[in-house]
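# Inside the fold
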Amino acid sequence: MKPLPVSIATRPRKYTPLSAYACLSDRNKFISVVFSFFFVSSSERVNMSEPKVEAQREPRDSSKKKKKKKKEKRKISEEEEKEDESVLMRGIFKVGKKSHDVLLTRTRLTWTPIIPESPTDKDTNVVQAGVVLLQDVFAVKVKRRRMAGQQSGGAVLGLALFHSRRRGRRLEEDTLHLHNASAEHTHSWYNTLKELLTGFSCRPRYVKVFINPSSHKKEAVHIYRDHVAPLFKMADIRTDITVTDRKGHALSVMKECKLDEYDGVVCVGGDGSVAELCHALVLRAQLDANSPENPVRAALPLGIIPAGSTDVVSCSVHGVRDPVTAALHVVLGHLQQVDMCSFLSNGQLVRFGFSAMFGFGGRSLARAEKKRWMSSSRRREYAVVKTLESWVTNQGLYLSISIMSIPCLSPHAPQGLAPNTRYTLNSHASLIAVGNASRSEFIKHLKRYSSSSGQFSFPFVETHSVSAVKIRPRSRIGWSEEESEDEGDSKNTPIIQSEGAALPWNIDGELVEIANEVLIRVHPRLIALYGEEVHEAESTVTCSCI
Ligand SMILES: Nc1ncnc2c1ncn2[C@@H]1O[C@H](COP(=O)(O)OP(=O)(O)OP(=O)(O)O)[C@@H](O)[C@H]1O
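Residues numbered from 1 in each chain as written. Predicted model: local features only at pLDDT ≥ 70, side-chain atom pairs only at ≥ 80, totals over all residues.

### Thoughts on the site of the ligand
With respect to spatial proximity, 23 residues lie near the ligand, and among them Ser215, Gly269, Gly270, Gly272 and Gly308 are the closest. Counting only domains with at least three residues in the shell around the ligand, you end up with domain 1 (12-51 + 353-483 + 494-526) and domain 3 (206-336). (Near = placed C-beta within 6 Å. Domains from an automatic or database assignment.)

Okay, structure coming up:
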């Protein structure tokens, strides 16, 4: 693909780069620079997170006291560790066909084969010693012998421990069967295990579930029913389910419902549904706290069951697009505190979100939204190709500006759109500004997201850590979203965009049209999402459009 060497005067319709006026702030102090950015530098970032200078000024006495305190703390935690590892129960169970010596501590259950079981036993195929950490166990049940159709009673056979097993980034369900026909023995183990599991306070007992039946391939209801509901049932998690019937339905339910009844919220859908619920949770916290100026941390964590076409947020906190992994993170109460951004225009809150794209990202989404009848993957590829066709190089103008408070991992960009962004970086987002570049260079830059690295090693790509960004489109020469897909229509399209015309933004995959300057601020740890810190997502998709 050759870059189109045209200028504004000669081929205005073909001119789509943005002239952006952006200024970034360290906390709330704005320093404006036309056509350039003022960034939070890496040295400032270090100072913000690690107050080293202050530490050096402290008198020696206080440093001695600190050392003593540290030592005492270490001693206490060593004692706690010893207590955790002291044996609570010891007994004999059959694991597989062999008898095992089973030990239970506060943190783990271990089993070791009893050898020799009988002097004549020549079978070497014994079940090996093993361990299950209680942090991975989500249910324990008493096993009974029952006739077909029998609902209750039955002779006790032993225990079943349902736990998660890790395979790369994936979490899978597994079961450990411990056989012992003594009802008394089995019940005392059952009661102790139940009590220990109740001690995991982050695990939800009652969750509000939202399912978007229209997301992606319209499979969200099946995904929930087949992969998530059985795990929730097994873990004794009660659910209150709303199947959404329109855009904004989840938000209106979240504004009204009694939140203190629930321990968490679960979203089954794509990025649009996730964005709506994250926004709803933070907005609700702000309304409840009567704090119109400042965002307030969401009261409940959100679990994300991926059922969309890209699932950036799910990939960013799970590393894979897998409903079972996502459900197990909820069941086991794995929590991540995640930074979010607020988007304000004219001082008014537009929404809360994790990422925004202005320029290329916004324009291609605006195009894709007009082709809703296409399948989501075709729609996306079509929009990317179409948008690339419609821009050319221009010095001093920005082709794309992205701001992301999470790494935005996906199968298309396994290391993320902003690989250097971590969830808990404390009020820093990544700003990626793509400046003057030819079309082929821009495509090269985009392509490198799907490989592994080097997407920022271009002279026209700037990346910065920011705590806030202000973006004001300055030029009124631009594309028109009314433009026909057919080039012949160019004569009828206005070259000068009318003052105050709304421009497309892509906020967490949702099309938001904003006419004015946009202020994006990063709010540290505004929401908790069920998941874990992930550095690379599983890559299962190759994009053929560029
Ligand atoms: N019953 C419904 N009908 C139409 N839209 C709905 C319904 N329920 C929710 N929505 C809205 O649909 C939008 C898109 O949802 P979602 O992101 O889950 O699906 P998707 O766009 O197909 O997935 P992806 O963003 O991964 O491509 C959200 O803004 C959501 O509020």
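Anyway, onward from the coordinates.
### Description of the pairing of strand 21 (residues 503-507)
Counting buried residues along strand 21, five of its five residues qualify, which places the element largely inside the surrounding structure. Burial along strand 21 is two-sided: Leu503, Trp505 and Ile507 facing one way and Pro504 and Asn506 facing the other are all buried. Sheet topology places strand 16 (residues 355-359) next to strand 21; three bridges connect them, and they run antiparallel. Following the sheet pairing, Met357 is matched in strand 21 by Asn506. By the bridge criterion, five bridges tie strand 21 to strand 22 (residues 510-514) in an arrangement that is antiparallel. Counterpart to Leu503 in the pairing with strand 22 is Ile514. (Buried ≥ 20, exposed ≤ 12 C-beta atoms within 10 Å, placed from the backbone. Helix = DSSP H or I, 4+ residues; strand = E, 2+ residues; numbered from the N terminus. Pairing = 2+ DSSP bridges.)

### With respect to the domain arrangement of the protein
Here the protein is described as being made up of domain 1 (12-51 + 353-483 + 494-526), domain 2 (78-115 + 129-143 + 156-200) and domain 3 (206-336). Contact residues are listed per partner, giving 20 residues for domain 1 and 18 residues for domain 3. At the level of secondary structure, the elements contributing two or more residues to the side of domain 1 that touches domain 3 comprise helix 11 (376-389) and strand 23 (518-530). When residues of the side of domain 1 that touches domain 3 are assigned to their parent elements, the largest contribution, three residues, is made by strand 23. Taken together, the residues of the side of domain 1 that touches domain 3 sort by class into nine nonpolar, eight polar and three charged. (Contact = placed C-beta atoms within 7 Å. Nonpolar A, V, L, I, M, F, W, Y, C, P; charged D, E, K, R; others polar.)

### Notes on the sheet that holds strand 18 (residues 429-434)
On the basis of which strands lie adjacent, the open sheet formed by six strands has the order 19-18-17-16-21-22 and antiparallel pairing. In the strand order of this sheet, the two ends are held by strand 19 (461-466) and strand 22, each with one partner. On average, each strand axis in the sheet is inclined to that of its neighbour by 20°, with strand direction left out of account. Of the pairings in the sheet, the one linking strand 16 to strand 17 (residues 400-404) comprises five bridges and is antiparallel in character. Bridged to Met357 within strand 17 is Ser402. (Axes fitted to C-alpha atoms, helices over the stretch in contact; angles between N-to-C directions.)

### What to know about the pairing of strand 12 (residues 264-269)
Counted residue by residue, strand 12 has six buried out of six residues, so it is predominantly covered. Residues Gly264, Val266 and Val268 line one face of strand 12 and the alternating positions Val265, Cys267 and Gly269 line the opposite face, and both faces are buried. Here strand 10 (residues 206-211) pairs with strand 12 via five bridges, running parallel. By the bridge assignment for strand 12, Ile211 is matched with Val268. Sheet analysis places strand 12 next to strand 13 (residues 302-306), joined by five bridges and oriented parallel. Across the sheet, residue Val265 finds its bridge partner in strand 13, namely Leu302. Between strand 12 and its parallel partner strand 13, the chain crosses via helix 7 (residues 271-288), and the hand of that crossover is right-handed. (Right-handed = clockwise from strand over helix to strand, strands pointing away.)

### So, the environment of His185
Mapped onto the fold, His185 is located in helix 4 (residues 183-198). The exposure class of His185 is partly exposed, given the 17 C-beta atoms found within 10 Å. For the pair His185 and Gly158, spaced 27 residues apart in sequence, the C-alpha separation works out to 8.7 Å. Among all residues touching His185, those that are not within four sequence positions of it are Gly91 and Asn180.

### Some thoughts on the nonpolar core
In this structure, Val268, Leu277, Leu281, Ile305 and Ile527 are the most contacted members of the largest nonpolar core, which totals 111 residues. Broken down by element, this core gets its largest block of residues, nine residues, from strand 23. Beyond its immediate sequence surroundings of up to four residues, Ile527 is in contact with Cys278, Leu281, Val282, Ala298, Leu302, Val338 and Met340. (Core = buried A, V, L, I, M, F, W, Y, C linked by C-beta atoms within 7 Å.)

### Points about helix 5 (residues 220-234)
Its 15 residues give helix 5 an end-to-end C-alpha distance of 20 Å, which sits within 8% of 21 Å, the value for a rise of 1.5 Å per residue. Residues Ala220, Ile223, Tyr224, Val228, Leu231 and Phe232 constitute the buried set of helix 5. Elements that come into contact with the buried residues of helix 5 comprise strand 9 (170-179), strand 10, strand 11 (238-243), strand 12, strand 13 and helix 9 (323-331). (Expected span 1.5 Å × (residues − 1).)

### Describing helix 7
Over its 18 residues, helix 7 extends 25 Å from the first C-alpha to the last, a length consistent with the 26 Å expected when each residue adds 1.5 Å. Counted residue by residue, helix 7 has 14 buried out of 18 residues, so it is predominantly covered.

### Section: the packing of helix 5 against helix 9
Relative orientation of the contacting elements helix 5 and helix 9 amounts to 30°, with a least axis distance of 9 Å. Classified by the angle their axes make, helix 5 and helix 9 are roughly parallel. Considering the relative orientation of helix 5 and helix 9, their crossing is right-handed. Here Ile223, His227, Val228, Leu231 and Phe232 of helix 5 lie close against helix 9, whose contacting residues are Pro323, Val324, Ala327, Leu328 and Val331. Taken together, the residues that form the contact of helix 5 with helix 9 break down as nine nonpolar, one polar and no charged. (Parallel < 35°, antiparallel > 145°, perpendicular 65-115°, else oblique. Left-handed = near helix turned anticlockwise from the far one by under 90°.)

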